[in-house]
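# Structural description and commentary
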Amino acid sequence: MSYDKIIEGKPGDIKFFLGNEAIVRGAIESGIDIYTYYPGTPSSEVGESFMDIYKEVRMKWVESSINEKVAIEVAGAAYARGATAMVGMKNVGLNVASDPLFALATTRPKNKNSALVILVADDPQQHSSAVEMDSRNYLKLFKIPALEPSNPQECLEFTKEAFKISRKLKLPVILRTVTMVSHARSNVIIGELKQSKIEEDFDLSKEVNVALRIYFLDMKENHIYNRMKHALEISENSTLNRVENEDAINEFKLGIITSGVSYSYVLEALDFLELNTPLLKIGMINPLPVKKITNFLKRCDQIFVVEENDAFLETQVLAIAQMNRLKVRIHGKDPFSYSKENSLLPFVGELNPTLVSLALIKITNLKPKVDLNQIIKRKYNIMERKPILCAGCPHRTTGYALQKAVKKIKLNSERNVYFYQDIGCYTLLAFPPFSFANVKYCMGSSIALAQGVAQTSESLNIAIIGDGTFFHSGIPALLNGIYNKTPILVLILDNGWIGMTGQQPHPGSDTRYYKEGNLKKAIDLEEFLRGTGVNVTVIKHNENKDEEYTSQLRNLIYEKGCDVLENKSLHVILIKDECIQKTVKRQPIIIRYVDPELCNNCGICYSQFLCPAIDERDNSAFIDSNSCLGCGICEEICPNNAINKEED
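Chains are numbered independently. Their residues run from 1 in the order of the written sequence. Per-residue local features are limited, in this predicted model, to residues with pLDDT of at least 70; the limit for side-chain atom pairs, both in listing and counting, is 80 or more; totals at the level of whole chains, interfaces and linings are taken over all residues. As a rule here, side-chain values come from all non-hydrogen atoms in the structure, and water together with hydrogens is ignored.

### Details of helix α19 (residues 549–567)
For helices the rule is a DSSP run of H or I covering at least 4 residues; for strands it is a run of E covering at least 2, with both sets numbered from the N terminus onward. One fewer than the residue count of a helix, multiplied by 1.5 Å, yields its expected span. For α19, with 19 residues, the first-to-last C-alpha span of 27 Å sits near the 27 Å given by 1.5 Å per residue. In this scheme, a residue with accessible area under 20% of its type's maximum is buried, one over 50% is exposed, and one in between is partly exposed, where area comes from a 1.4 Å probe on protein chains only. For α19, every residue scored as buried is listed here: Tyr549, Thr550, Ser551, Gln552, Leu553, Leu556, Ile557, Lys560, Gly561, Cys562, Val564 and Leu565. By definition in these notes, contact holds between two residues if any of their heavy atoms fall within 4.5 Å. Each element contacted by the buried residues of α19 is listed here: α15 (394–413), β17 (460–466), β18 (489–494), β19 (535–540), β20 (571–576) and α22 (633–637). Note on α19: the residue one or two positions beyond its end, lysine 568, has a positive phi of about 55 degrees.

### Quick word on unusual backbone geometry
Look at the link from threonine 41 to proline 42: it is a cis peptide, with omega at 20 degrees. With respect to the helices, strands and loops of the structure, proline 42 is situated in the loop between β2 (34–37) and α2 (44–53). Residue proline 432 is joined to proline 433 through a cis peptide bond whose omega torsion reads 10 degrees. Residue placement: proline 433 occurs in the loop between β15 (417–421) and β16 (439–440). Backbone geometry places glutamine 125, a non-glycine residue, at a positive phi of 80 degrees. Tracing the backbone through its elements, the reader meets glutamine 125 in the loop between β5 (115–122) and α5 (139–142). Look at asparagine 601: it is not a glycine, yet its phi comes out positive at around 55 degrees. Structurally, the position occupied by asparagine 601 is in the loop between β21 (592–594) and α21 (604–608).

### Digging into the pattern of salt bridges
Each salt bridge in this description consists of a side-chain nitrogen of Lys or Arg and a carboxyl oxygen of Asp or Glu lying within 4 Å of one another. In the structure shown here, the tally under the stated rule is 24 salt bridges. With a closest N to O distance of 2.7 Å, lysine 69 and glutamate 73 form a salt bridge. Here lysine 69 pairs with glutamate 73, and both are found in helix α3 (residues 68–81), just 4 residues apart, close to one helical turn. Glutamate 73 gets classed as partly exposed once you look at its relative accessible area, which sits at 33%.

### Comments concerning the environment of proline 289
Here proline 289 shows up in the loop between β12 (284–286) and α11 (290–298). Judged by relative accessible area, proline 289 falls into the buried class, the value being 0%. For the pair formed by proline 289 and serine 65, sequence separation is 224 residues and the distance between their alpha carbons is 35 Å.

### Re a nonpolar patch on the surface
Residues Phe272, Val370, Ile375, Tyr380 and Ile382 make up a contiguous nonpolar surface patch of about 490 Å² in total accessible area. The residue isoleucine 375 is located in helix α14 (residues 372–377) in this model. Its relative accessible area of 37% is what places isoleucine 375 among the partly exposed residues. Surface patches are drawn from residues lacking salt bridges whose relative accessible area is over 30%; two like charges belong together within 9 Å, two nonpolar side chains (Val, Leu, Ile, Met, Phe, Trp, Tyr) within 5 Å. Where accessible areas are quoted, they stem from the Shrake-Rupley method and a 1.4 Å probe; at the residue level, only the protein chains shown are allowed to cover.

### With respect to the packing of α11 against helix α12 (residues 312–323)
In this analysis, axes come from line fits to C-alpha atoms, helices being fitted only over the stretch in contact, and the angle between any two N-to-C directions falls in the range 0 to 180 degrees. Where α11 contacts α12, the axes come no closer than 10 Å and their chain directions differ by 70 degrees. Relative to α12, the element α11 lies roughly perpendicular. On α12, the residues touching Val290, Ile293, Thr294 and Leu297 of α11 are Val317, Ile320, Ala321 and Met323. Gly falls in the polar group here, along with every residue not listed as nonpolar (Ala, Val, Leu, Ile, Met, Phe, Trp, Tyr, Cys, Pro) or charged (Asp, Glu, Lys, Arg). Of the residues belonging to the contact of α11 with α12, the class tally is 7 nonpolar, 1 polar and no charged. In these notes the angle categories are as follows: under 35 degrees is roughly parallel, over 145 is roughly antiparallel, 65 to 115 is roughly perpendicular, and the rest is oblique.

### What to know about the environment of threonine 501
Among the structural elements, threonine 501 can be located in the loop between β18 and α18 (525–531). We classify threonine 501 as buried; its relative accessible area is 16%. Between the alpha carbons of threonine 501 and cysteine 425 there is a distance of 8.9 Å; along the sequence they are 76 residues apart. If sequence neighbours within four positions are ignored, threonine 501 has contacts with Pro39, Gly40, Thr41, Ser44 and Glu48.

### Some details on the sheet that holds strand β6 (residues 146–147)
Two strands form a pair only when DSSP identifies at least two bridges running between them. If you walk across this open sheet you meet the 7 strands as β3-β2-β4-β5-β7-β6-β12, and the pairing is mixed. Each edge of the sheet is formed by a strand with only one pairing partner; in this case those strands are β3 (61–64) and β12. Where β5 lies against strand β7 (residues 173–178), 6 bridges are found, and the strand directions are parallel. Directly across from valine 117, in β7, lies its bridge partner valine 173.

### Quick notes on a positive patch on the surface
Charge counting follows a simple rule: Lys and Arg are positive, Asp and Glu are negative, and His as well as the terminal groups are ignored. Throughout, a charge is located at the NZ atom of Lys, the CZ atom of Arg, the CG atom of Asp or the CD atom of Glu. On the surface, Lys404, Lys407, Lys408 and Arg554 cluster together into a patch of positive charge. With 3 residues, α15 is the single largest residue contributor to the positive patch. Within the secondary structure, lysine 404 sits in helix α15.

Right, dumping it as structure tokens:
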């Protein structure tokens, strides 16, 4: 879909939107002034959409920030100044943003236009994340309101409601989505676009916006006992929290409480089982509507709480039942037993209608027409596809050269070599045949991880980090290593873009090659590294034609790795080789082919180099011209000169 179509149309028109596109539409219908973000699936499309359309809707500013902490600080200051602001991230990004958000949550800007919505996209089932985490657990710490939409239409409506609540209470509001909502697509009825007007009054009084001890406790008290109390009143009366099928009666005296995407699964399960139950749908997940939940509990003998990941709702429903001394049995995850057998729903992974139906069957002993256990246990013969780097990816070349260099280092030094991975496309080098991952935690941690082992071992410790991740949070760790003279080898794989989430730009990206580049100043990563005083060597693909690139890279890694071991020094190798997905958009692809008469089927190109465009056919390597992106590395590494350029 063209991003421009998000802003087209008149109120009442129906658009076929992604959940993320509906969020963008809801924000511009709320008169948003500024959007800041760090790209992270499943929320990336929101930032890309804003970046493409913000001038047309006359927003003040949109930026892809260097990390989530900076993003929320930029948006938070605009909010304090009187702007309608929004900041976006994925679940683990909230960890990075949490430090300033604790202070930001207690501030109370006095400008009537001030509003701040924080989009947090969780990723149950860990489709594209380093970990599976439930960001709802932060809500009790931050003590701020939160809304959770179930579908694209609600994405639009809840976004607008989040801005209204924030503007009214002068509190940040979290809009929490999950992958299956952000990336769902359905018809959405749009409303009227709104142009925000920022008032020029900026209240600079310290007791409003400064988190110092002499002000903070008063601010926190106001936050909890005034604004959050008001938020509770909003939650009790909000139509976002509603009872459906209120007059429904079933022989089990069963009611269901659910929220978010789980609501959709519940509806399908009830339809499949032909079960009629009252249903409390929670749209405002913090603070919960305690009175509404209490009244719902009173009418039931059994309650089934349906939610993905942690028992966030269930534990609070249990507390509400206990507080009101209600004799009602509550089913769900049984959060205090940590027993898989006692849990009707899993703590790990996504839910689906089948899992919800099976849980309902256990509660009710209903006999469905179809044996769901047979369905869920059935194994299907499907083609397995392992995670793999793109054809032509420069990280594969680095992995191949690193593998050769490390083998030689081990042989000559008789030392162990360990690898510390970071978050990016190159994380896939953790899989065979490269297997470069002994430890991996989170964004920017690889350099510090290497230091922890280097200070306690005689091994060679190699940190592997990308350029985007280095800018995001790798810089402090490198400075720490320089300061402490830690003997490690750092490989910065500079492909010019944030490749994993869709080739978004970062501070080091070439400003000529992205739309808003004329508004940016690129940071020269080589110059920055030299400014730290670190020992840095730069290698650029296609710069030295006299020697094969893979050989240059292999020899460089070997040389610097040996120096780290011998001289206890810290070395950085900056490997500059652009993401192939960006390169092929600007220059023609030169396809390679295999001469079967020269090929002895050694398998180096498809087994060791593991290029997905190359396979074995008729006892020879074969290059699929539809997949080849023309990097040319296979031509370099073929020992029999059997791979050549296509003439046409």
